[in-house]
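# Structural characterization, general
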Amino acid sequence: MISWPCIFKLDGDSELMYLGSEDLLKTELDDLIWDTSDRLIDSEGYCYVVKSEGDSYVIESEDFQLSLFEVTQLIQEHEFSKAEVCLTKIQFSSIEEAIRSLSLEM
């Protein structure tokens with residue numbers, strides 16, 4: 001079961017998309033060009049692949065969990081690409097806190 005909020009990581013891009021709910025994911029997928037190499041990462045660090053199924057999509061668990069360190073690295077890369085924040089100041093106590101930090105960008 002997916003723990004919201006999540007981030008959507010486009011393969012080959014440092015940008016992360018904050019998604020507070022599955023409804024927001026549906027909206028983004030309708031407006032976005034995405035691929036099965038992109039990953040949905042939930043608040044516990046679990047990774048999911050999103051696959052197209054007709055006019056809809058299916059979310060499949062990869063049974064793979066990122067660590068807090070790995071999620072923090074993704075957020076640091078995201079922030080570095082915007083060149084607005086000192087990377088050494090980006091630290092979190094949990095994956096959920098790390099993901100929720102991106103909600104402030106919306």
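Relevant structure appears above.
Everything numeric here is computed off the predicted structure, so don't read it as measured data.

On to the pairing of strand S1 (residues 6-9), then. Neither face of S1 is exposed, since Cys 6 and Phe 8 on one face and Ile 7 and Lys 9 on the opposite face are all buried. As paired strands, S1 and strand S2 (residues 16-19) are joined by 4 bridges and run antiparallel to one another. Note that in S2 the partner of Lys 9 across the bridge is Leu 16. Linkage of S1 to S2, two consecutive antiparallel strands, is achieved through a turn of 6 residues, within which Gly 12 is found at a positive phi near 80°. In this structure, S1 lies alongside strand S3 (residues 39-41), joined through 3 bridges in antiparallel fashion. What sits directly across from Ile 7, in S3, is Ile 41.

So, on to the pattern of salt bridges. Tallied over the entire structure, the rule returns 3 salt bridges. When the shortest N-O distance is used, the salt bridge between Arg 39 and Glu 62 registers 2.9 Å. Of the two residues, Arg 39 is situated in strand S3 and Glu 62 in strand S5 (residues 56-65); the sequence distance between them amounts to 23 residues. Linking Lys 51 and Glu 60 is a salt bridge whose minimum nitrogen-to-oxygen distance equals 3.0 Å.

Cut-offs used in this document
- Residues numbered from 1 in each chain as written.
- Predicted model: local features only at pLDDT ≥ 70, side-chain atom pairs only at ≥ 80, totals over all residues.
- Heavy atoms only, no water.
- Buried < 20%, exposed > 50% of the residue type's maximum accessible area, 1.4 Å probe, protein only.
- Helix = DSSP H or I, 4+ residues; strand = E, 2+ residues; numbered from the N terminus.
- Pairing = 2+ DSSP bridges.
- Salt bridge = Lys/Arg side-chain N within 4 Å of Asp/Glu carboxyl O.

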